[in-house]
Amino acid sequence: MKEFSNPKELANYRKKMSGTIGFVPTMGALHNGHISLIKQSVKENDKTIVSIFVNPTQFLESEDLGAYPRRLQADLKICQLSGVDIVFLPNIDDMYEKNELSIKAPRVKGFILEGFDRPGHFDGVLQIVLKLLSITLPTCAYFGKKDAQQLFMIQNMVKHLFLDVEIVPCEIVREDDGLALSSRNIYLSREDRVKALSLSSTLKLSSKLVISGELNSKEIKEQMRDILKDTKIEYVEIVDREFNQIEEIEIKNTIILVAASVGKTRLIDNIWI
Ligand code: AMP
């Protein structure tokens, strides 16, 4: 497994590579969710590149970038055991200059839900993903459905900028009890972890309601909010796959999303119907 920290060195090396390239961008503190993306890439491509970079521009000033979990040695071991060919570990100063052009997430859809609670977050996400795609020039790039709106924003950017890469959406990986894996789960106390289960429980309820024939979004959202009463709800929303709010569930074209804080930890989860 090769390691690069300099973007130009990796870009030069990449140009000499042949065959298909899979790319998995991450912020590290790798867990089974990341590993499933990596394994899919390794299976589907000749070579796989993983980046580990806690990107400062997607954190708001009020968010604690410094406290984001970092576990580099364990991450490198995971990459090696998962069959990764190249790990990219850039420094902030090599990735950004002082006066850069800015990338703006689309109005409305970049500023609802996650973008409403974290204004500017998607500008930062798109900026770093565009840089990483330019350096690695992958055939396919792998993103988790766990961050459904992020996935949608990236698919849109690829379309709008005519980028030559296939974005591959990957299924959400959960603990046995339903909790969606997240690098932030380590912040949860034992008590908070029990409360955090209400996010996946409320999504399970929503799918049961749909199966039983309830298609009215308002009705479903009300019942979902009840289950989340021990959390600080940020949003419970039902959208179509283009992130338009919908009043009626459309089978095979709906995403039900929830964001809530448990203690100081902000969690998100969703289900695709
Ligand atoms: P992050 O390190 O949080 O930026 O995540 C890197 C990638 O892993 C993103 O595409 C996430 O959507 C994906 N990811 C994170 N958690 C999960 C999960 N539980 N299941 C599937 N993919 C995930």
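As the structure is a computational prediction, the values presented were derived from the model and not from experiment. (Residues numbered from 1 in each chain as written. Predicted model: local features only at pLDDT ≥ 70, side-chain atom pairs only at ≥ 80, totals over all residues. Heavy atoms only, no water.)

Draft legend 1. Expanded view of the packing of aromatic side chains. Per the stated rule, a full pass over the model turns up 3 aromatic pairs. Look at phenylalanine 4 and tyrosine 13: their rings are 5.2 Å apart centre to centre, the planes differ by 45 degrees, and that puts the pair in the tilted class. Of the residues examined, phenylalanine 4 reaches a relative accessible area of 11% and is grouped as buried. Each ring, one from phenylalanine 59 and one from tyrosine 68, has its centre 5.8 Å from the other, and the planes form 80 degrees; the classification is edge-to-face. Cation over ring: lysine 145 sits above tryptophan 272, and NZ or CZ is 4.6 Å from the ring centre. (Phe/Tyr/Trp six-rings, centres within 6.5 Å; stacked < 30°, edge-to-face > 60°. Buried < 20%, exposed > 50% of the residue type's maximum accessible area, 1.4 Å probe, protein only. Lys NZ or Arg CZ within 6 Å of the ring centre and 35° of its normal.)

Draft legend 2. Structural view of the sheet that holds strand 8 (residues 254-262). Here we have 3 strands laid out as an open sheet, ordered 7-8-9, and antiparallel in their pairing. Strand pairing shows two members of the sheet lacking a second neighbour, strand 7 (232-240) and strand 9 (265-272), which therefore form its edges. Going across the sheet, the axis of each strand differs from the next one's by a mean of 10 degrees, ignoring polarity. Both strand 8 and strand 9 contribute to a ladder of 8 bridges, which runs antiparallel. Paired with valine 258 across the bridge in strand 9 is aspartate 269. Strands strand 8 and strand 9 of the sheet are contacted by helix 8 (residues 190-211), whose axis makes an angle of about 20 degrees with strand 9. (Pairing = 2+ DSSP bridges. Helix = DSSP H or I, 4+ residues; strand = E, 2+ residues; numbered from the N terminus. Axes fitted to C-alpha atoms, helices over the stretch in contact; angles between N-to-C directions. Contact = heavy atoms within 4.5 Å.)

Draft legend 3. Expanded view of the domain arrangement of the chain. If you check the domain split of the chain, you get domain 1 (2-170) and domain 2 (183-272). Taking only C-alpha atoms into account, the centre of domain 1 sits 26 Å from that of domain 2. Taken together, the contact pairs 22 residues of domain 1 with 19 residues of domain 2. Summed over both partners, the interface of domain 1 with domain 2 buries about 1,700 Å², with 57% contributed by carbon and sulfur atoms. Residue arginine 266 is joined to glutamate 114 by a salt bridge in which the shortest nitrogen-to-oxygen separation is 3.0 Å. One can count 9 residue pairs in polar contact (both at pLDDT 80 or more) joining domain 1 with domain 2. (Domains from an automatic or database assignment. Buried area = accessible area lost by both parts, 1.4 Å probe. Salt bridge = Lys/Arg side-chain N within 4 Å of Asp/Glu carboxyl O. Polar contact = N/O pair within 3.5 Å; in protein donor to acceptor, adjacent residues only side chain to side chain.)

Draft legend 4. Seen up close, the nonpolar core. Among the nonpolar cores identified, the biggest contains 42 residues, and Met95, Val129, Ile154, Ile167, Phe243 and Leu257 are the most heavily contacted of them. Elements that contribute at least two residues to this core include exactly helix 1 (7-15), strand 2 (21-26), strand 4 (86-88), helix 6 (121-136), strand 5 (140-144), helix 7 (148-160), strand 7 and strand 8. Among the elements that line this core, the one with the most residues is helix 6, at 9 residues. Split by domain, this core shows at least three residues from each of two domains, domain 1 (2-170) and domain 2 (183-272). Excluding residues that lie within four positions of it along the chain, isoleucine 167 makes contacts with Ala141, Phe143, Leu151, Ile154, Gln155 and Val158. In terms of nonpolar packing, the next biggest core, distinct from the first, is built from 20 residues, Met224, Ile256, Val258 and Leu267 among them. (Core = buried A, V, L, I, M, F, W, Y, C linked by side-chain atoms within 4.5 Å.)

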